[in-house]
2 protein chains.
Amino acid sequence: MVLSHTSHPGNIGSTARAMKTMGLSRLVLVNPKRFPDPEAVALSSNAEDVLVAAQVVSSMGEALAGTVLSVAAVGHTYDLSQRLVTCRTAASEIVVTAAAGDVAIVFGTESTGLSADEVRLCNFAAHIPGNPAYTSLNLAAAVQIFAYEARLAAVGDRVRDPATPDLATHDDIERLHEHAARVLANAGFYDPANPKRLLPRLRRMVAKARLEREEVQILRGMLKLAEDGPHPGTVAGRNTPGTSRGNG
Amino acid sequence: MVLSHTSHPGNIGSTARAMKTMGLSRLVLVNPKRFPDPEAVALSSNAEDVLVAAQVVSSMGEALAGTVLSVAAVGHTYDLSQRLVTCRTAASEIVVTAAAGDVAIVFGTESTGLSADEVRLCNFAAHIPGNPAYTSLNLAAAVQIFAYEARLAAVGDRVRDPATPDLATHDDIERLHEHAARVLANAGFYDPANPKRLLPRLRRMVAKARLEREEVQILRGMLKLAEDGPHPGTVAGRNTPGTSRGNG
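These figures come from a predicted structure and were not determined experimentally.

Quick look at the side chain of A:Lys20 now. Its location among the elements puts A:Lys20 in helix H1 (residues 9-21). In this structure, A:Lys20 is in contact with A:Asn46, A:Ala47, A:Asp49, A:Val50, B:Asn131 and B:Tyr134, ignoring residues within four places of it in sequence.

Residues and elements named next belong to chain A. Helix length check: helix H5 (residues 87-98), at 12 residues, gives a terminal C-alpha distance of 16 Å against a target of 16 Å (1.5 Å per residue), a fit within 8%. When we look at burial in H5, the residues that qualify are Cys87, Ala90, Ala91 and Ile94. What you see down the axis of H5 is that its buried residues fit within an arc of 100 degrees, all on one side.

This structure, assessed with the given rule, holds zero disulfides over all chains. Looking at the unpaired A:Cys122, the closest cysteine sulfur is the one in A:Cys87, lying at 15 Å.

Entries for chain A in the domain assignment read domain 1 (2-155) and domain 2 (170-243). Using only C-alpha atoms to locate each centre, domain 1 of chain A and domain 2 of chain A end up separated by 57 Å.

All names here are of chain A. Strand order in this open sheet of seven strands is S3-S2-S1-S6-S4-S7-S5, and the pairing throughout is parallel. Looking at which strands have only one partner, the edges of the open sheet turn out to be strand S3 (55-57) and strand S5 (84-86). Recorded for the sheet is a direction-independent mean angle of 30 degrees between the axes of neighbouring strands.

For any two helices packed against each other, the geometry is given by the interaxial angle and the distance between the axes. Residue and element names in this part refer to chain B. Where helix H1 (residues 9-21) contacts helix H7 (residues 139-155), the axes come no closer than 8 Å and their chain directions differ by 15 degrees. Relative to H7, the element H1 is oriented roughly parallel. Judged by the sense of rotation from one axis to the other, the crossing of H1 with H7 is right-handed. Touching Asn11, Ser14, Thr15, Ala18, Met19 and Thr21 of H1 are Leu139, Ala140, Val143, Gln144 and Ala147, all from H7.

Here A:Phe35 and A:Pro36 are connected by a cis peptide whose omega angle stands at -5 degrees. Structurally, A:Pro36 is set in the loop between strand S2 (28-30) and helix H2 (38-43). The phi torsion at A:Asn31 lies on the positive side, around 45 degrees, for a residue other than glycine. With respect to the secondary-structure elements, A:Asn31 resides in the loop between S2 and H2. Judged by relative accessible area, which is 34%, A:Asn31 ranks as partly exposed. Even without being glycine, B:Arg210 reaches a positive phi, approximately 40 degrees. Summarising the element assignment, B:Arg210 is placed in the loop between helix H9 (198-209) and helix H10 (213-228).

Glancing now at the sheet that holds strand S4 (residues 67-73) of chain B. All names here are of chain B. Sheet architecture is open: seven strands sit in the order S3-S2-S1-S6-S4-S7-S5, paired in parallel fashion. This sheet does not close on itself; its edge strands, each paired only once, are strand S3 (55-57) and strand S5 (84-86). Direction aside, the axes of adjacent strands within the sheet are offset by 30 degrees on average. In the sheet, strand S2 (residues 28-30) pairs with S3 via three bridges, with the strands oriented parallel. Paired with Val28 across the two strands is Gln55, which belongs to S3. Its contacts with the sheet put H7 on strand S1 (2-4), S4, strand S6 (102-107) and strand S7 (124-127), and the angle it makes with S6 is roughly 150 degrees.

Let us look at the packing of aromatic side chains. Residue and element names in this part refer to chain A. Evaluated as defined, the whole model comprises two aromatic pairs over all chains. The interplanar angle of 85 degrees and the centroid separation of 5.5 Å between the aromatic rings of Phe107 and Phe146 together place this pair among those described as edge-to-face. Of the two residues, Phe107 sits in strand S6 (residues 102-107) while Phe146 sits in helix H7 (residues 139-155), which places them 39 residues apart along the sequence. Sitting over the ring of Phe124, Arg83 keeps its end group 4.9 Å from the ring centre.

Opposite the 40 residues of chain A that make contact, chain B presents 40 residues. Around 3,500 Å² of area is buried between chain A and chain B when both sides are counted, 55% of it from carbon and sulfur atoms. Where chain A meets chain B, there are two salt bridges. A salt bridge links A:Arg88 to B:Glu149, with the nearest nitrogen and oxygen atoms 2.9 Å apart. Across the chain A-chain B interface, the total number found is 20 residue pairs in polar contact (both at pLDDT 80 or more). Looking at the side of chain A that touches chain B, the elements that each hand over two or more residues are H1, S5, H5 and H7 of chain A. No other element matches the seven residues that H7(A) contributes to the side of chain A that touches chain B.

Procedures and definitions
- Residues numbered from 1 in each chain as written.
- Chains lettered and ligands numbered in written order.
- Predicted model: local features only at pLDDT ≥ 70, side-chain atom pairs only at ≥ 80, totals over all residues.
- Heavy atoms only, no water.
- Helix = DSSP H or I, 4+ residues; strand = E, 2+ residues; numbered from the N terminus.
- Contact = heavy atoms within 4.5 Å.
- Expected span 1.5 Å × (residues − 1).
- Buried < 20%, exposed > 50% of the residue type's maximum accessible area, 1.4 Å probe, protein only.
- Arc of directions from axis to C-beta.
- Disulfide = S-S within 2.5 Å.
- Domains from an automatic or database assignment.
- Pairing = 2+ DSSP bridges.
- Axes fitted to C-alpha atoms, helices over the stretch in contact; angles between N-to-C directions.
- Parallel < 35°, antiparallel > 145°, perpendicular 65-115°, else oblique.
- Left-handed = near helix turned anticlockwise from the far one by under 90°.
- Phe/Tyr/Trp six-rings, centres within 6.5 Å; stacked < 30°, edge-to-face > 60°.
- Lys NZ or Arg CZ within 6 Å of the ring centre and 35° of its normal.
- Buried area = accessible area lost by both parts, 1.4 Å probe.
- Salt bridge = Lys/Arg side-chain N within 4 Å of Asp/Glu carboxyl O.
- Polar contact = N/O pair within 3.5 Å; in protein donor to acceptor, adjacent residues only side chain to side chain.

If you want it as C-alpha cells, here you go:
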C-alpha cells in the first residue's frame, strides 16, 4: 500500500491496522506530513510492526520503483484517461499479477486524493462504488476495503474452520413427515381426506430449515410427546399434567 | 445497523460516516456508553444526519423488534450454534430479504464483540474473513465492510458512469499489423522470410492493450513517420533532422 502526502498520522496508524487485519504488511509513505508520530502508533492498535517496517520516500516514482503493477485508488472519476475499474475487479487483477512481482495500490491525500499526475504514473485506476451523494470515505476505510478485496481475491470468500453440520438424510426427513402427518391427523389438526395446504407448508418449512440429524430427533421426540402424552414421572409430566393427552 | 454497548463515541461517529458512504442511514444504538457526544459528531464527518436520526434503545430485543431478519457480525467463531457465513454471503441474503421488511446487522462491543446471548437472538452469524493471526478489526471498519458488501449486493459491482471507450475494430487492428509489418521489414528490423517471434509478439501486445480507435491512429501516424521521415517544416523535422530516413 502506498499513501501519498498523508496529512494525519492517525490515518497512517489506522491504515497499518486495516492492512494487518487482511494480512498485508508492506506500507510505503510518500512525503507524509508527520511520520513517525505517536498518534500513528496509538491508532495502529497492535499493528505497530507495519509502521516500524514502513518505508518513507520522497516521490511517487521512488515508491513505485520495482513494482510490476500499480493501481491508483480514486474516489472520484475526474479527468481520467486511464482505464477505470471497481476495486473488486482491481483486486482480482492484483492477485494474479502479484505472482509476477510487486504490486502497489496507491492512495492520495485525505482532502483531495491523488493528483492527475500521480494517477498517470499508475497502470490503471480503481474506485470503490459507494453512495454518489456522499463520497467522504475515510482514507483508512478505503485501504480497509481494498485490502479486504485483495485478501478475498487471494484466499477466497469462505468461512474459517466451518463446523460441518450433521445433516439429516432424505429418508430421515421422510420419516419425520410421515410421523407428523399421523400425529396431526390423530389429533384432528387436519382432515387426512382433505389435507389442503398444511402438509405442503410443513414440507416447505422443513426443506428451508435443512435440518440436522439431531434436530429431526428433537422434532420426532416432540411428536411422540404429542402422540403419547408425557411419561409418568418426567418433570413435564409432574409439573404440567394438564398438557397430558393420556397414554396410548 | 445495530451497535451494542459501544464504548467509544468516536466509533459511533465513524460508523455513521461508514454507513453514509454506502448509502445506509438507519442506526440503532443499544446502551451506548456515551451518546450523544461531541466526539461522535467530530468523527462523523458530514454524516451527522445519521447520528441525529439514530435511535437509542435499552435492549437488543428492543433493537430487533420489527425486523424480519437479523445478522450477527462476529469476529471470532466461538461457541456458535448458529449458521455462520461470510459477510459477502450475508449481504446477498440481506438484500433479498430487505424487500420483505427491515433487516438488522448487529455489532458488539469494541473489546469483546457480541455476547453469545446476543448472537442467539439473531437469525444467523456472519464474519469477515481476515488474517487469523490478527483479528483486531476496528468496529467502524467492520461496519464499513458490511455496508460495502450490502451496497454491492444491492446495486452491483460496477463503475459509476464509465466512459465508453471508442474501441478499434478488428479490421482497424489488422490494417495496423499490416502497416507495422511493412515498415519494420523495410527498415530491416526483421527478415520477412524469417519473422520468428516478432510479429506474434506485436500481435499479442496489441491484443492485450485493447486499443481504441484514436490509439490506432496515433500508432499508424508513428509508423508513417518511420516510413516517410518527418515532414519538412514540422518541429520534429527542424529539431531532429537525424531521425529522418528520407522521403519515400
